[in-house]
There are 2 protein chains.
Amino acid sequence: MSGPSSISFSALGARLQPPAVTALMAAALENPHVLSLAAGFTDTSTLPLREVGQVVADLAARDGRPEHLQYGTTLGRPGLRELLAARTATLDGLPAGAIPAAQTIVANGSQQILHAAAQVLCDAGDIVLVEQPTYFVFLDILAGLGARAVALPEHPDGSLDLAAISARLAALRAAGETRRIKAVYLQGYFANPSGASRTEAEKNGLATVLRDAGLIVPVIEDAAYRDLWFDEPWPARSVLALEAWREFPRLYLGTLTKPFASGLRVGYGHATDAAWFARLGWLKGHADFGTTNFNQAILERIVADRTLDDYLARTRPIYGGKRRRLHDALIHAGLRELGWSWIPPGGGLTMWVRGPRGLDTSTEAPLWRAAMEEGVLYVPGALCLAEPEAAGCVRLSFGVLNGAELDEAARRFTRAAARAGTAAVTG
Amino acid sequence: MSGPSSISFSALGARLQPPAVTALMAAALENPHVLSLAAGFTDTSTLPLREVGQVVADLAARDGRPEHLQYGTTLGRPGLRELLAARTATLDGLPAGAIPAAQTIVANGSQQILHAAAQVLCDAGDIVLVEQPTYFVFLDILAGLGARAVALPEHPDGSLDLAAISARLAALRAAGETRRIKAVYLQGYFANPSGASRTEAEKNGLATVLRDAGLIVPVIEDAAYRDLWFDEPWPARSVLALEAWREFPRLYLGTLTKPFASGLRVGYGHATDAAWFARLGWLKGHADFGTTNFNQAILERIVADRTLDDYLARTRPIYGGKRRRLHDALIHAGLRELGWSWIPPGGGLTMWVRGPRGLDTSTEAPLWRAAMEEGVLYVPGALCLAEPEAAGCVRLSFGVLNGAELDEAARRFTRAAARAGTAAVTG
């Protein structure tokens, strides 16, 4: 049915590229024995089969007129939006009602809101300030819009380098680019890929630097992994609650299903700016006029009756154990001795592992070829970077594999690193 | 949390407007006793509560490792895509495999694909050729993109006026607009709002007129209501199967859930052009990297074991009965005597009802005010029109209300029409 296309695409259509992970996934498919440290998924064996089945049965029993199988509204189920607004307010130590349900939107995963937020803010040539590293799909989204991701400089420990950020903003001003800066994108909690979280002092410092630069621009705090802590929640409040961000239009993104059941795909956003929020809803009206009502009804029950909290309490130790297992296995295999380093995260699903200075971790490099031969898949760090860095990094995910598989994947990765280190010296 | 926005939005963000139906919905909310002939929903009392509950229970029992609660892939579940490609091929009398599963995409409702298709084709100022009337949300989508909807002229009976279309295309060429024409959007089966279907001769004639004008442009056939026939399926094949359209890039849109359970939101598309199809997938990767896998797993079972076909066989007579009930009630109430006319559709959920020449049916008009006072809601025809028409039309939906409510709504609408007719003469 196909042939060469004669279609005249839009500017967006012409700019779109295959996702950055396409090559990785193809590589994985070619080798069925590969162990994947690449996919940022949860463990299928922990998924809440019983819980979801029970809720669906209860909905069927109670809802004689099954409105949960009917269309909902574009912004989401009113009851769920109330629960979500109250839940985030509690996490942020805010009084009940401080986050209005009326400015809460439910979506097919929080990424849908992230995509919409970027679309209503960014034209081609516009700039979004991002962490280094950052969520790689967001970099794809910005590239699709023709927008530029500009990195917020960080200290070697990953904390924000406020002086360098200030200098960077001054340089953008000198280049006449200030008006192109449309937003700041942060992951404050157990970020993908770094696993790092931001302190309140860091967030407040960033707000001050931005305000001093005259940049009262929208900020998006993506808190997708906030609920997925291992030993204790990250104590910092979000930009919704921090006084330093009060003047800024803010969008907070969360998900109910990433740490629960990704197959249900229910995310949400709270926006402080009425005009921005309205546009997210209007664009959602074009995209699908509302998230699957059935899934929202399931999640509404699961939040309301504390099934979600019980489930999270049971599964957090599992993911904490997986993180420890991968960390220990990498040390035991000798990766540190090869010049690699990492900060074990306190939550999330990913570790950001830094190789020897100058190491190429791309799919064109000896490390990748060695890893393919050993049978282990990683995400090359460059996919997560707005700007190149001297140190070659990789993202390793520990959510999917079981303990024995994590041990074996760590051994394979370390063998690949050893071979690539040799290749880099001799090649 | 809100105040006046200081945000500098993108061109898209600045163009976005509240959906056309916002005013209607607000009006409905203000009057709880209103009977709505506006919402194009199915009847909540017919929704497949038992069927969905059974499938979810079966999935839980059979799928010990619950992959249906895990992420799926961006394009959709392979098994479901196979079933959908085969199902459409059967409907179109094509051999098995004629529609490749590899060029089939699953989405959160077919509208998500429609939105994506428009985004990758249309820049501001571009043109899409549409039927008159057409699906009003698609007009919203085009307006958001800054694109222009240009009407395909029709005969008074609603069939395509090929000579007038040819003249229209010549006029666009004379105005230097040919290269701005990016797509043709058709609803071949029980269209929303007209309820009308297109014959193969009409579709083939349109292809010929386009080809003669040198316009081998993408065509989107939206077949959302193809399964919702009352007495017999509409016999015409889709553009996927018609030889006259072979040179054209084609996108066929269908939905599993509109006639089954809208709350599950699973739609699909088949594209013939590899480059166009790829971009739909890449954009879906930005929006949500895949439709809710849980819902796809449910629908895969429901299609595979013929639950969907059995359900459709049981519910078609219900919707056919509702259409007859509204039709009969409008006649009995005397609407025809007031100068109104309509063609009762053989499927779908909506009727296109034409008022006396020159009647204003907008929310600013006496008819709307009279309908509000009588307690009945309709969709003003202008919302569904790319270009104004002399005759004032309304869209009346019969999917939601029960028989007695349809009778009462028809009486209320007819009383409103009588009052508005008087007002138009005396006002």
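Novice: Quick question: what am I supposed to make of the overall build of chain A here?
Specialist: If you tally the helices and strands in chain A, you get 13 helices and 13 strands. A globule of 427 residues ought to have a C-alpha radius of gyration of about 22 Å, and chain A, at 22 Å, matches this closely. Taken along the three principal axes of its C-alpha coordinates, chain A extends 70 × 55 × 55 Å. Within chain A, the proportion of its 427 residues that are buried is 56%. Of the contacts formed within chain A by residues at least 6 apart in sequence, a portion of 77% connects residues at least 24 apart.

Novice: Would you explain the domain arrangement of chain A in this entry?
Specialist: Often, the extent of an interface is quoted as the loss of accessible area on bringing the components together. Residue and element names in this part refer to chain A. According to the domain assignment, chain A consists of domain 1 (18-47 + 315-426) and domain 2 (51-305). Taken over C-alpha atoms, the centre of domain 1 sits 27 Å from the centre of domain 2. Each partner contributes residues to the interface: domain 1 has 27 residues there, and domain 2 has 28 residues. Listing elements by their share of the side of domain 1 that touches domain 2, those giving two or more residues are α11 (307-333) and β10 (350-357). The residue inventory of the side of domain 1 that touches domain 2, partitioned by class, reads 15 nonpolar, eight polar and four charged.

Novice: For this particular structure, what's the right way to read the sheet that holds strand β10 (residues 350-357) of chain B?
Specialist: Hydrogen bonding along the main chain pairs the strands of a sheet, whether they run parallel or antiparallel. Residue and element names in this part refer to chain B. Reading across from one edge, β9-β10-β13-β12 is the order of the four strands in this open sheet, with antiparallel pairing throughout. If you trace the sheet from one side to the other, it starts and ends with β9 (341-342) and β12 (379-380), each paired once. The pairing of β9 with β10 spans two bridges and is classified as antiparallel. Each bridged residue has a counterpart across the sheet, and for S341 the counterpart in β10 is R354.

Novice: Teacher, can you tell me more about the interface of chain A and chain B here?
Specialist: Taken residue by residue, the interface counts 76 residues in chain A and 76 residues in chain B. At nine residues, the largest contribution of residues to the side of chain A that touches chain B is made by helix α9 (residues 274-287) of chain A. Residue composition of the side of chain A that touches chain B, by class: 38 nonpolar, 29 polar and nine charged.

Novice: Got a minute to help me understand the relation of the copies chain A and chain B in this structure?
Specialist: Two copies of a chain can be linked by a rotation about an axis combined with a shift along that same axis. At an RMSD of 0.0 Å, chain A and chain B line up after a rotation of 180° and a shift of 0.0 Å along the axis. These values place the two chain copies in the arrangement generated by a two-fold rotation axis.

Novice: Help me understand unusual backbone geometry, please; the structure alone is not making it clear to me.
Specialist: Trans peptide bonds make up the majority, and among non-glycine residues the majority have a negative phi. In this model, N192 of chain A is joined to P193 of chain A through a cis peptide bond whose omega is 15°. By the secondary structure assignment, P193 of chain A is in the loop between β5 (181-186) and α8 (200-212). A cis amide bond links Q132 of chain B with the next residue in sequence, P133 of chain B, at an omega value of 5°. Summarising the element assignment, P133 of chain B is placed in the loop between β3 (127-130) and α6 (136-145). Look at F289 of chain A: it is not a glycine, yet its phi comes out positive at around 35°. Relative to the helices and strands, F289 of chain A resides in the loop between α9 and α10 (293-304). Look at F289 of chain A and you get buried, because 22 C-beta atoms sit within 10 Å.

Novice: Explanation requested: helix α6 (residues 136-145) of chain A in the structure shown.
Specialist: Owing to its 3.6 residues per turn, the α-helix aligns residues three or four sequence positions apart on the same side. The element α6 of chain A is largely enclosed, with a buried count of nine among its ten residues. Among all positions of α6 of chain A, only F136, V137, F138, L139, D140, I141, L142, G144 and L145 of chain A are buried. Contacts made by the buried residues of α6 of chain A are with α1 (11-15), α5 (110-121), β3 (127-130), β4 (148-151) and β5 of chain A together with α9 (274-287) of chain B. After α6 of chain A finishes, the residue G146 of chain A shows a positive phi value of roughly 75°.

Novice: I tried to follow the pairing of strand β13 (residues 391-397) of chain B on my own but got confused; where do I start?
Specialist: Look at any regular strand and the pattern is simple: side chains alternate between the two faces of the sheet. All names here are of chain B. Extensive coverage of β13 is indicated by the burial of six of its seven residues. When β10 meets β13, the two strands line up antiparallel, connected through six bridges. For V353, the partnering residue across the bridge sits in β13 and is V394. Across two bridges, the pairing between β12 and β13 is antiparallel. In the sheet register, V379 faces β13, and the bridge partner there is R395.

Novice: Which parts of the structure should I look at to understand the sheet that holds strand β5 (residues 181-186) of chain B?
Specialist: Residues and elements named next belong to chain B. The strand order across the open sheet formed by seven strands is β2-β8-β7-β6-β5-β3-β4, and the pairing between neighbours is mixed. What marks the edges here is a single partner per strand, and that holds for β2 (104-107) and β4 (148-151). Across this sheet, the average inter-strand angle for adjacent strands is 25°, counted without regard to direction. Two elements, β5 and strand β6 (residues 219-222), share three bridges in a ladder whose sense is parallel. Within β6, the residue paired with V184 across the bridge is V219.

Novice: So what exactly am I meant to see when it comes to the environment of A143 of chain A here?
Specialist: All names here are of chain A. Turning to its location among the elements, A143 is positioned in helix α6. Residue A143 is classed as partly exposed on the basis of its 16 C-beta neighbours within 10 Å. When the C-alpha positions of A143 and A102 are compared, they lie 32 Å apart, and in sequence the two are 41 residues distant.

Novice: Explain the environment of T361 of chain A here, please?
Specialist: Looking at the element boundaries, T361 of chain A is found in the loop between β10 and α12 (366-374). Measuring from C-alpha to C-alpha, the distance between T361 of chain A and G381 of chain A comes to 6.9 Å, with 20 residues separating the pair along the chain.

Novice: Could you clarify how one ought to interpret the confidence of the model for chain A in this entry?
Specialist: Low pLDDT marks stretches whose predicted atomic positions should not be read closely. In this model, chain A carries an average pLDDT of 94, and 97% of its residues clear a pLDDT of 70 or more. The ipTM value of the predicted complex is 0.95, and its pTM value is 0.96.

Novice: In this structure, what is going on with the pairing of β2 of chain B? I would like to understand it.
Specialist: All names here are of chain B. Burial along β2 is two-sided: T104 and V106 and I105 and A107, pointing in opposite directions, are all buried. Where β2 and strand β8 (residues 267-271) come together, four bridges link them in antiparallel fashion. Residue pairing in the sheet places T104 in a bridge with H270 of β8.

Novice: I tried to follow the packing of helix α5 (residues 110-121) of chain B against α9 of chain B on my own but got confused; where do I start?
Specialist: What describes two packed helices is the angle between their axes and the distance between those same axes. Residue and element names in this part refer to chain B. Two elements in contact, α5 and α9, have axes separated by 9 Å at closest approach and are oriented at 110°. As judged from the angle between their axes, α5 and α9 are roughly perpendicular. Counted together, I113, A116, A117, Q119 and V120 of α5 and R279, L280, L283 and K284 of α9 form the full contact between these two elements. Its residues placed into classes, the contact of α5 with α9 shows six nonpolar, one polar and two charged.

Novice: I'm lost on helix α11 (residues 307-333) of chain B in this one. Help?
Specialist: Residue and element names in this part refer to chain B. Its 27 residues give α11 an end-to-end C-alpha distance of 39 Å, which sits within 8% of 39 Å, the value for a rise of 1.5 Å per residue. At T315, α11 shows its maximal kink, close to 30°; a proline, P317, follows between one and four residues later. Among all positions of α11, only T307, L308, Y319, K322, R323, L326, H327, A329, L330 and A333 are buried. Within two residues after α11, G334 carries a phi angle of roughly 100°, on the positive side.

Novice: Please clarify how the environment of I302 of chain A should be interpreted in this entry.
Specialist: Residue and element names in this part refer to chain A. With respect to the helices and strands, I302 occurs in helix α10. In this structure, the C-alpha to C-alpha distance between I302 and M25, residues 277 residues apart in sequence, is 33 Å. Those residues in contact with I302, other than ones at most four positions away along the chain, are E51, V55, T307 and L308.

Reading the values: the criteria
Residues numbered from 1 in each chain as written. Chains lettered and ligands numbered in written order. Predicted model: local features only at pLDDT ≥ 70, side-chain atom pairs only at ≥ 80, totals over all residues. Helix = DSSP H or I, 4+ residues; strand = E, 2+ residues; numbered from the N terminus. Rg over C-alpha atoms; globule rule 2.2 N^0.38 Å. Buried ≥ 20, exposed ≤ 12 C-beta atoms within 10 Å, placed from the backbone. Contact = placed C-beta atoms within 7 Å. Domains from an automatic or database assignment. Nonpolar A, V, L, I, M, F, W, Y, C, P; charged D, E, K, R; others polar. Pairing = 2+ DSSP bridges. Least-squares fit on C-alpha atoms with pLDDT ≥ 70 in both. Axes fitted to C-alpha atoms, helices over the stretch in contact; angles between N-to-C directions. pLDDT = per-residue confidence, 0-100. Parallel < 35°, antiparallel > 145°, perpendicular 65-115°, else oblique. Expected span 1.5 Å × (residues − 1). Bend = angle between axes of the 7 residues up to and from the residue.

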